[in-house]
Amino acid sequence: DDGLPIASHTMFPKGFMFGASTAAYQVEGGWNADGKGVSIWDDLLHKYPEYVVYNMNGDVSDDSYHFYKDDVRVLKEIGFQTYRFSIAWPRVLPDGTTSNINQAGIDYYMNLIDELIANGIEPVVALYHWDLPVTLQKFGGWLNPKVVDLFVDYADLMFKTYGDKVKWWITINEPESVAGGYGGGDAAPALNLFGTGDYLSGHNLLRAHGKTYRLYQKKYSHFGGKISMAFCGATCYPASDSPEDIAAVDRCFQFSFGWFAHPVIKGDYPPVMREYVDENSMAEGRDVSRLPYFTEEEIQEINGTVDWFGLNYYTSQMVKAGLTDMDPSLNRDSRIIKSFNSSWPTSGTNWLRVVPQGLRLIATKVKEAYGDIPIMVTENGYPDHGEHDDLRIGYFETHLAELRRAIYEDGCNIFGICIWSIIDNFEWRNGYTVKFGVVNVDFNSPNRTRTLKNSGYWFQHYIAMHKLVE
Ligand code: PNW
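Cut-off values and rules
Residues numbered from 1 in each chain as written. Predicted model: local features only at pLDDT ≥ 70, side-chain atom pairs only at ≥ 80, totals over all residues. Heavy atoms only, no water. Helix = DSSP H or I, 4+ residues; strand = E, 2+ residues; numbered from the N terminus. Rg over C-alpha atoms; globule rule 2.2 N^0.38 Å. Buried < 20%, exposed > 50% of the residue type's maximum accessible area, 1.4 Å probe, protein only. Contact = heavy atoms within 4.5 Å. Areas by Shrake-Rupley, 256 points an atom, 1.4 Å probe, with all protein chains shown as cover. Phe/Tyr/Trp six-rings, centres within 6.5 Å; stacked < 30°, edge-to-face > 60°. Pairing = 2+ DSSP bridges.

S.K.: Which residues make up the overall build of the protein, and what values go with them?
M.R.: In terms of helices and strands, the protein carries 17 helices and 13 strands. By the compact-globule yardstick of 23 Å for 470 residues, the protein fits well, its C-alpha radius of gyration being 21 Å. The principal-axis extents of the C-alpha atoms in the protein amount to approximately 60 × 60 × 50 Å. Across the 470 residues in the protein, those meeting the buried criterion constitute 60%. The contacts of the protein with a sequence gap of at least 6 include a subset with a gap of at least 24, amounting to 76%. Total accessible area on the protein is roughly 17,500 Å²; 53% of this is exposed by carbon and sulfur atoms.

S.K.: Could you give me a rundown of the packing of aromatic side chains, with the residues and numbers involved?
M.R.: In the structure shown here, the tally under the stated rule is 52 aromatic pairs. Summarising the aromatic geometry, the rings of phenylalanine 159 and tryptophan 169 are spaced 4.9 Å apart at their centres and angled 80° between planes, so their arrangement reads as edge-to-face. One end of the pair, phenylalanine 159, is in helix 8 (residues 146-162); the other, tryptophan 169, is in strand 4 (residues 168-173), with 10 residues separating them in the sequence. Each member of the pair phenylalanine 159 and tryptophan 169 is classed as buried.

S.K.: Give a description of the pairing of strand 4 that names residues and reports values.
M.R.: Most of strand 4 sits inside the fold, with six of its six residues counted as buried. Pairing of strand 3 (residues 122-128) with strand 4, which is carried by four bridges, proceeds in the parallel orientation. Within strand 4, the position partnered with valine 125 by the bridge is tryptophan 169. With four bridges joining them, strand 4 and strand 5 (residues 226-232) adopt parallel strand pairing. Residue pairing across strands places asparagine 173 opposite alanine 230, the latter belonging to strand 5.

Pasting the structure below:
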């Protein structure tokens, strides 16, 4: 017994924030409305509709562009105190540059933010959730260092425009996943540059993040906002007791979370990534490493640029030491082989097994690796095909219980959670067949009617019951 009153274990700390998340391309629709520019997801799915099941795309989606007030209404009805959404870069800057500002796009996010605040909901805003203006992809997108300054210009405009109202900022949602669109094929621009495109784009994402943070410090610190990235990865468990497999667990962390978190919290890439990718690059007869080097100045500029830690957690993996995947590739560089424990319950997607204790473990791992940085769980949720909302409730109940253990028993500084997602939405290559929402959306109705699921009502009770108020 740690002497804490029982209430500490059943309630969340005072001020703990319950919220929900979405991303622009997944909910907004209005893909070309009122002067919006084309994103790499618009472009990919218009050129290759078969990329997504049933040729589905985000052209209309939940039509939050027109029905954002309905989103705010259900957020409020459930009792969420924060809403995490993303800004579509090409909606505000159609060609990606500040020489052409789309006022209708600026107004859209201003209206959304005002509607949230009027309803007592605090905005958490991501600047990049994967929808690059296609104009920038035409010269290489995140592979081209030129995109760094354009991102900073875009961020500058967003801070200037919304900074007095928005206190929580995320520069890049899941830089690992963004880089995966260059070093793989499962997200736009789907370049399949395995083991090269991922590291090169990741390098520019880190530069863009670092410069954006410094810009905020210099020009906008009077707003008092707090900046982070949303990091992702799976929690890793060793497949056996062998020292090799136990070492593979830390490597798994360094090659996923560490890839981006280490440079922004400790400076430069994790030593094990540097060592392994350099070694493989040399063995391949290259004269430079596939993992680029930062200059000393860049290391300094990028180090110390998150005020809090955005943690996306969905699932866990078993890992063992060994070589897998194509040569070269990030997976092969990491020298780990991943699998699932067969006892972990399945879900509506093959990559997600239900492992609530993994949330507690990853929170302690973040604390161990990066110290007492405040953590917000920026995504966590359960996918089905519309038939297992009861299991969604179980998923949240168990994950939130593990979160309290991380807080009270492990001393993790976790100040909130934004679940994925408030509404069913466009789940990338799974289209609308995979549903994460606690609110159902009728995709056959012109106004995309939103209706709380049981999990929505469950959350309404849960927040009311588990929140300590002043
Ligand atoms: C997230 N993993 O991606 C994205 O941020 C959302 O846009 C998406 O809808 C959601 O998950 C559900 O798929 C993930 O490695 C990428 O465990 C990687 C992982 C999890 C989620």
